[in-house]
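Working through the structure, step by step
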Amino acid sequence: MLGSRWSLLLALGLPGSAIFVGVPLCSQSTATVFGIPLVFAWLFAWLPLTTLCLWASWRFFDRAQYRRVEGGDE
């Protein structure tokens, strides 16, 4: 099986916990970020951050394994 526990934790665990824990924590806030309620700003912020977590998971944990499986030179 490709991947590791650290890879899954970074790629799925961090964004998932940020959404499932962060949204209830900031949903009662009346603060705004550039005129957007904090809960929506939190969700919008995690869209690119989730992509960044997926990239980092592949880059630091899974890239070498995929190259070995595919028969790459590096």
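Anyway, here's the lowdown on the structure attached to this text. From a predicted model like this one, the values you see are computed outputs, not experimental measurements.

1. With respect to the overall build of the protein
- Across its full length, the protein holds 2 helices and 2 strands.
- Going from the N terminus to the C terminus, the protein shows its helices and strands as α-β-β-α.
- For a compact globule of 74 residues, the expected C-alpha radius of gyration is about 11 Å, and the protein comes in at 17 Å, more than 25% above that figure.
- Taken over 74 residues, the protein has a buried fraction of 19%.
- Relative to all contacts within the protein whose residues are 6 or more apart in sequence, the contacts with residues 24 or more apart total 60%.
- Accessible surface computed for the protein: about 5800 Å², of which carbon and sulfur atoms make up 69%.
- Counting 5 positive and 4 negative side-chain charges, the protein places the averaged centre of each group 8 Å from the other.

2. Looking at the environment of Leu12
- Here Leu12 is to be found in helix H1 (residues 5–26).
- The exposure class assigned to Leu12 is exposed, which follows from its relative accessible area of 56%.
- As a C-alpha pair, Leu12 and Leu54 span 42 residues in sequence and 7.8 Å in three-dimensional space.

3. Focus on a nonpolar patch on the surface
- On the surface, Trp6, Leu9, Leu49, Leu52, Trp55, Trp58, Phe60, Phe61 and Tyr66 cluster together to form a nonpolar patch covering roughly 980 Å² of accessible area.
- For the nonpolar patch, the elements supplying multiple residues, two or more each, are H1 and helix H2 (38–70).
- Secondary-structure assignment places Leu52 in helix H2.

4. Details of H1
- Of all the bends found along H1, the most pronounced is centred on Gly13 and spans about 35°, while Pro15, a proline, follows it within four residues.
- All buried positions along H1 are accounted for by Ser7, Ala11, Pro15, Gly16, Ala18, Gly22 and Cys26.
- On the buried face of H1, the contacting elements are H2.

5. As for the side chain of Ser57
- Looking at the element boundaries, Ser57 is found in helix H2.
- At 2.5 Å, the side chain of Ser57 forms a polar contact with the side chain of Ser7.
- If sequence neighbours within four positions are ignored, Ser57 has contacts with Ser7, Leu10, Ala11 and Asp62.

Rules used throughout
- Residues numbered from 1 in each chain as written.
- Predicted model: local features only at pLDDT ≥ 70, side-chain atom pairs only at ≥ 80, totals over all residues.
- Heavy atoms only, no water.
- Helix = DSSP H or I, 4+ residues; strand = E, 2+ residues; numbered from the N terminus.
- Rg over C-alpha atoms; globule rule 2.2 N^0.38 Å.
- Buried < 20%, exposed > 50% of the residue type's maximum accessible area, 1.4 Å probe, protein only.
- Contact = heavy atoms within 4.5 Å.
- Areas by Shrake-Rupley, 256 points an atom, 1.4 Å probe, with all protein chains shown as cover.
- Lys, Arg positive; Asp, Glu negative; His and termini not counted.
- Charge placed at Lys NZ, Arg CZ, Asp CG, Glu CD.
- Patch = residues over 30% accessible without salt bridge, like charges linked within 9 Å, V, L, I, M, F, W, Y side chains within 5 Å.
- Salt bridge = Lys/Arg side-chain N within 4 Å of Asp/Glu carboxyl O.
- Bend = angle between axes of the 7 residues up to and from the residue.
- Polar contact = N/O pair within 3.5 Å; in protein donor to acceptor, adjacent residues only side chain to side chain.

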